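Reading the structure
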Amino acid sequence: MKKPIAFVLALILGLSCIGCGDSGKESTSTDNASNSSSNTEAEAPAETADSQEVSAEEDTASEEPILINIGILDGWTGFPTKYIVDNGLDVANGIKLEYLVFSSGAPANEAMTAGDIDCAIIGGGASVPALANLNSKMIMEVNNDTTGLSMIARADLACTGVSGAAGELEILGDAGTVKDTTIITTSGTLQYYCTLKYLEAIGLTTDDVNLVSMDANQAYQAFMLGEGDILCCTNNYSFDLVKEGYVELASLTSLNCAATAQVVCSDKAFEDETKFKGMAILCKLLAETNDTMNADTDLATQCYVDWVRLNGGSITEETARTIMEQKPYYGTEETKSRDYGSDFLNNFVEFYILTEQIEESQRADIEANVRDDILKAAGLR
């Protein structure tokens, strides 16, 4: 049985007033399309083939952009969408993005179920249940989500001095030194996936530790206030924590767990012809923006820092630059050439089945919901 953690309720109440993650914050794109007035009927010229072509182009330009409501996270997967909106790339290409910001993928799935959003960019920890239980569709992979996602421990813990407990895996800690510790993580996210994989590697289960789930920013704040023994966090915090003297026990990289972030849409949006067309444009814009970010580390770093701080988080420019120098985003050519869905199916789905979080019988449903139809429509397959 998990031990009750009295501080969790008090801490959540105390931190609920702090703006962490701006969960549910909505931002709309600026409509840059101009409404050109039509020709007056007076002195109407004779209609020629050329004038018919011009008229058709004007009709297309005057069409309302397709509205796509999208959920994005307050970390590094989120800011490319904001960049698209801020620069009017959505409206210029025939769609209008309105986004809601979440601190984790689970509430984004709830928003899709409720019809508040059409799609979301989330990690595999939230994508698996979405495809398995909600009939949602995975329509694109946008970046390598492995870099810097780590289990961070306080330096005085015994587990920081133990190595070799997991065979060839280069991780610290073993069953004896990690058992009964308090681990702060975030359910429905890659942090939770990393936590489970770490415990599995050293021969423990969630019943052997005190597992506390919080939003990512709240988890970090709680850890810095002295709560918990181990924090599973993203690269927003992990690099800085190690520099400050905390110890990395393991990471998704050291656990040999490839992880990607995906665009997932509701079944309703997928089956809607207009939304389908709009999401194809979205995927094309994301791939092109990913190319921009990979090619310009300065721009990517600044966008990342601004985005995290805008949503109540904390990240140094040095940390952001270290991450962006890895060129983590999947641009146009890589999206076309990569083995789409393999990391997701071979790692996340398999692990969820092994840990009985989903049934083996659901594997076929998940595989069927990894769809490349929209990528093909976008010219990315």
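The text that follows walks through the structure, step by step, so that each part is easy to find. (Residues numbered from 1 in each chain as written. Predicted model: local features only at pLDDT ≥ 70, side-chain atom pairs only at ≥ 80, totals over all residues. Heavy atoms only, no water.)

Counting its secondary structure elements, the protein contains 18 helices and 11 strands. Counting contacts in the protein only where the partners sit at least 6 residues apart, residues at least 24 apart contribute 81% of the total. On the protein, roughly 16,800 Å² of surface is accessible, and the fraction owed to carbon and sulfur atoms is 47%. (Helix = DSSP H or I, 4+ residues; strand = E, 2+ residues; numbered from the N terminus. Contact = heavy atoms within 4.5 Å. Areas by Shrake-Rupley, 256 points an atom, 1.4 Å probe, with all protein chains shown as cover.)

What follows is about the pairing of strand E4 (residues 119-123). Counted residue by residue, E4 has 5 buried out of 5 residues, so it is predominantly covered. Relative to E4, strand E2 (residues 66-73) is paired through 2 bridges, and the arrangement is parallel. Each residue of the ladder has a partner; that of Gly-71, found in E4, is Ala-120. Bridge count between E4 and strand E11 (residues 260-265): 5 bridges; the pairing is antiparallel. Within E11, the position partnered with Ile-121 by the bridge is Val-263. (Buried < 20%, exposed > 50% of the residue type's maximum accessible area, 1.4 Å probe, protein only. Pairing = 2+ DSSP bridges.)

Another point: helix H5 (residues 105-114). The periodicity of an α-helix, 3.6 residues per turn, causes residues three or four places apart in sequence to face the same way. When H5 is considered as a whole, its buried residues turn out to be Gly-105, Ala-108, Asn-109, Ala-111 and Met-112. When H5 is viewed along its axis, its buried side chains cluster within an angular range of 160° and face the same direction. Turned more than 90 degrees from where H5 packs its buried face, Glu-110, Thr-113 and Ala-114 sit exposed. (Arc of directions from axis to C-beta.)

What is expected of a backbone is that most residues other than glycine have negative phi and most peptide bonds are trans. Unusually for a residue other than glycine, Asn-135 sits at a positive phi of about 60°. Looking at the secondary structure, you find Asn-135 in the loop between helix H6 (124-133) and strand E5 (137-144). Not every positive phi belongs to a glycine, and Lys-327 is a case in point at roughly 50°. Mapped onto the fold, Lys-327 is located in the loop between helix H14 (317-324) and helix H15 (332-337).

On to the packing of H6 against helix H16 (residues 342-354). Running from amino to carboxyl end, H6 crosses H16 at an angle of 75°, the nearest separation of the two axes being 10 Å. Considered as vectors, H6 and H16 are oriented roughly perpendicular to each other. Note on element contacts: H16 touches H6 through Phe-344, Phe-348, Val-349 and Tyr-352, opposite Gly-124, Gly-125, Ser-127, Val-128, Pro-129 and Leu-131. In the contact of H6 with H16, the residues fall into 7 nonpolar, 3 polar and no charged. (Axes fitted to C-alpha atoms, helices over the stretch in contact; angles between N-to-C directions. Parallel < 35°, antiparallel > 145°, perpendicular 65-115°, else oblique. Nonpolar A, V, L, I, M, F, W, Y, C, P; charged D, E, K, R; others polar.)

Our next topic: the environment of Cys-265. Looking at where Cys-265 falls in the secondary structure, it is placed in strand E11. Among the residues examined, Cys-265 registers a relative accessible area of 0% and is labelled buried. When the C-alpha positions of Cys-265 and Met-279 are compared, they lie 8.8 Å apart, and in sequence the two are 14 residues distant. When near neighbours in sequence (up to four residues on either side) are disregarded, Cys-265 contacts Met-112, Asp-118, Cys-119, Ser-136, Lys-137, Ile-139, Phe-270 and Met-279.

Across the sheet, 5 strands lie side by side as E8-E7-E9-E6-E10; this open sheet has mixed pairing. A strand with exactly one partner marks an edge of an open sheet, and here the two such strands are strand E8 (210-213) and strand E10 (247-251). Across the sheet, the mean angle separating the axes of adjacent strands is 25° when strand polarity is ignored. Bridging between strand E7 (residues 182-185) and E8 involves 4 bridges; their strand directions are parallel. For Ile-183, the partnering residue across the bridge sits in E8 and is Leu-211. Helix H8 (residues 190-201) rests against strand E6 (150-153), E7, E8, strand E9 (230-233) and E10 of the sheet, and its axis sits at about 150° to E7. Lying on the sheet, helix H9 (residues 216-224) is in contact with E6, E7 and E9; it crosses E9 at an angle near 150°.

Counted according to the given criterion, the structure contains 16 salt bridges. For Glu-318, the salt bridge identified is with Lys-243, shortest N-O distance 3.0 Å. Note that Glu-318 is positioned in helix H14 and Lys-243 in helix H10 (residues 238-243), a separation of 75 residues in sequence. Notably, a salt bridge pairs Glu-350 with Arg-363, separated by 3.0 Å at the nearest N-O pair. Taken together, the residues Glu-350 in helix H16 and Arg-363 in helix H17 (residues 363-368) connect sequence positions 13 residues apart. On the basis of relative accessibility, which here comes to 29%, the residue Glu-350 falls in the partly exposed class. Bridged by salt links that share partners, the residues Glu-141, Arg-338 and Asp-343 form one connected network. (Salt bridge = Lys/Arg side-chain N within 4 Å of Asp/Glu carboxyl O.)

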